[in-house]
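Residue strings, one per chain:
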Amino acid sequence: MATRGTATEGISLLYESHWAGLVRLVWLLLHDQQAAEDVAQDAYIATYRNWDRLRDEEAAVAYLRRCAVNGARSVIRHLVVVRRETQAEAGRADAAGRLTAPSSDEAALLRLDGDQLMAALATLPDRQREVIVLRYYSDLSEAQIAEALDISPGSVKTHAYRGLRALRDRMEVR
Amino acid sequence: MNDDLDDLGQLRRFEEGVRMSLHDKADRIHPEHRLGAILESEAPAKRRSAYWLIGAAAVFVLVAALSVGYLLQNHTTASMSSGAAAPQKDQAVPSAGLTPADASSQPERSSATVASGSWAMPLYEVVTGTPTQAWLLNRTFVSVPDPGDRGQRAQAAVTALLPNGGHTDIYGYQQPWAPDTTAVVSVTDSQIGIVLNQAGPSGLTADQQRIAVQSLVWTVTAAAQLTVPVRVEVAGGGGAFDTTPAGVYSRPDSSTSYTDLVPIWIDSPTQGATVTAPVTVTGQACVFEAQFPWQLLKGTTVVASGTATASGGCPVQSPYSISLGARPSGTYTIRVQEISMKDGSVSYQTQVTFTVA
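None of these values were measured; they are calculated from a predicted model.

A. Local environment of the nonpolar core. Among the nonpolar cores identified, the biggest contains 66 residues, and A:Tyr44, A:Ile132, A:Leu167, B:Val18 and B:Leu22 are the most heavily contacted of them. In terms of residues, this core owes the most to one element, helix α1 (residues 4-30) of chain A, which gives 13 residues. Not counting residues up to four positions away in its chain, the partners in contact with A:Ile132 are A:Leu121, A:Leu124, A:Tyr137, A:Ala160, A:Gly163, A:Leu164, A:Leu167, B:Val18 and B:Leu22. Listed in part, the 48 residues of the second largest apolar core include B:Trp119, B:Val144, B:Leu162 and B:Leu216.

B. Broad picture of the side chain of B:Gln214. Residues and elements named next belong to chain B. With respect to the helices, strands and loops of the structure, Gln214 is situated in helix α6 (residues 206-224). A distance of 2.8 Å separates a polar atom in the side chain of Gln214 from a polar atom in the side chain of Asp260. Aside from chain neighbours lying at most four places away, what touches Gln214 is Leu137, Tyr249, Ser250, Arg251, Pro252 and Asp260.

C. Local environment of the environment of B:Trp119. Residues and elements named next belong to chain B. Relative to the assigned elements, Trp119 resides in strand β1 (residues 118-130). Looking at Trp119, the relative accessible area reads 9%, which means it is buried. For the pair Trp119 and Val144, spaced 25 residues apart in sequence, the C-alpha separation works out to 5.4 Å.

D. Representation of the side chain of B:Ser340 within the structure. Residues and elements named next belong to chain B. Turning to its location among the elements, Ser340 is positioned in the loop between β13 (330-339) and β14 (346-356). A distance of 3.1 Å separates a polar atom in the side chain of Ser340 from the backbone nitrogen of Lys342. Each residue touching Ser340, except ones within four places of it in the same chain, is listed here: Ser345 and Ser347.

E. The sheet that holds strand β3 (residues 183-187) of chain B, seen in detail. Residues and elements named next belong to chain B. Overall, mixed pairing links the four strands, which are arranged β3-β4-β5-β6 in an open sheet. Two strands close off the open sheet at either side, each with one partner strand: β3 and β6 (247-249). Across the sheet, the axes of successive neighbouring strands diverge by a mean angle of 25°, strand direction being ignored. Taken together, the five bridges between β3 and strand β4 (residues 192-196) define a ladder with antiparallel strand orientation. Bridged to Val187 within β4 is Ile192.

F. Molecular detail of unusual backbone geometry. Residue B:Pro269 follows B:Ser268 across a cis peptide bond; omega there is 0°. Inspection of the secondary structure puts B:Pro269 in the loop between β7 (264-268) and β8 (274-275). Of note, the phi angle at A:Asp139 is positive, near 55°, even though the residue is not glycine. Its location among the elements puts A:Asp139 in the loop between α5 (126-136) and α6 (142-149). Its relative accessible area of 46% is what places A:Asp139 among the partly exposed residues. The phi torsion at B:Gln225 lies on the positive side, around 55°, for a residue other than glycine.

Conventions we followed
- The numbering scheme is per chain: residues are counted from 1 as the chain's sequence reads.
- Numbering of ligands from 1 and lettering of chains from A proceed in the order in which they are written.
- In keeping with the predicted nature of the model, local features appear solely for residues at pLDDT of at least 70, side-chain atom pairs appear and are counted solely at 80 or more, and the whole-chain, interface and lining totals rest on all residues.
- Side-chain calculation: all heavy atoms of the structure are included, whereas hydrogens and water are not.
- By nonpolar core we mean a set of buried residues, namely Ala, Val, Leu, Ile, Met, Phe, Trp, Tyr and Cys, connected to one another through side-chain atoms within 4.5 Å.
- Only protein chains enter the accessibility calculation, which uses a 1.4 Å probe; a residue is then buried when its area is under 20% of its type maximum, exposed when over 50%, and partly exposed in between.
- Comment: elements are numbered from the N terminus, with helices defined as DSSP H or I runs of at least four residues and strands as E runs of at least two.
- Any two residues whose heavy atoms approach within 4.5 Å are treated as being in contact.
- The definition of a polar contact used here is a pair of N or O atoms within 3.5 Å, where within protein one atom must be able to donate a hydrogen and the other to accept one, and adjacent residues in sequence count solely through side-chain atom pairs.
- Here, strands pair whenever DSSP counts at least two bridges between them.
- Interaxial angles span 0 to 180 degrees and are taken between N-to-C directions of axes, which are lines fitted to C-alpha atoms, for helices over the stretch in contact.

Right, dumping it as structure tokens:
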């Protein structure tokens, strides 16, 4: 998208409009603020470096988001062993797998426990977790999610439906 | 059929709950700003290719310098009683410490992150403040060999902050602690402990004492990357200063951090850095109406000036960026100032000297 001067201004504007949201998006995938900031920073650096190849702001945002999700997935792969150890230390009573007793109190359906939701989210397969976060936090369309994850819109629907059901099944709704 | 419809209805309500809860949890995250590190890290590929020879030479020099510096640094470190790394003269902006990207889909990492084994150590150093507050904290980053885990990083940063740690020669620097002050740092998930070998000197005002303690708090939490309370104690008991007791201290929240931090700081260029044109100055500001003047000096001559605008106004710090454009080679000083809304006087200023290659 043109010169370095334009790139610097462009990435600065992109930073102002998307930095906090992108860190929060990655945080929802990783539950680690420093790691989320590192991943988001790397995504911005990658976008800055490739600025000349991005056709417009929309493409830059899509590229940024894609780098961030890929970065988060890679971190999860690296940390999977650590996470297992942490869960073991946390004890069975707190493990996400035990939170499987849904309530029938429909009047309180919207009052989800955020901590339980985060714990349940962490147990989902990568794709389902990513689709859930991009859809319900970033409010992206199916097409945008498909582009960010490099999958088909049909797969987005499938992951969203399965992920949502799995979340509900694993959560204790108060 | 009815069961399916009921299930669909419940799932839609559950969707709304998920949406609300995700926003509720995520919106509590207030990320640190890293625009300076991003802009300093890399130029777009098209421009970079034109300067690949210069870049290669710079990388060669950097690697050589780091190698020599690392050897010297290790020698210095080994002789320090705390085992913490002392700062180098050169400063650096922080770089990501992870390798998160899929190799297939993400471009190669920036040169700023290639120097494996080094760490951009955050220091919140005491500097001359404003007419209403004598001392405030200015953030700088100092490149050191990575001490290791978060506990070792926290120890290294606190040691660097104390008189024998070697200060970073920043504008308005103040050293609140007595010579030969040392500290032992311990880090857990819920609290950080700092035990000083002696109390701070007498004669400081209550607010100066507070800022000195907050300097430890901001630095150690940034180094450990933990937002937890910090217990500050003195070996053998007693207060941290005359009228500042030992106890648990924390960073203020972001809406009142101006009580601890300078109104404007410069993230990049860093003090003494060598940069290539075009030059962009970045940093954080918390000033009235988000606007403040800047001047670019060559020696004592102002060669450019203007007004910068941060992305938001006080009380929260917000990033700003100043494009200086292409500048002839030479040494320059960028000066930024906060103007008093009461009488138009300069209430605070800071500056950084850098070289355009």
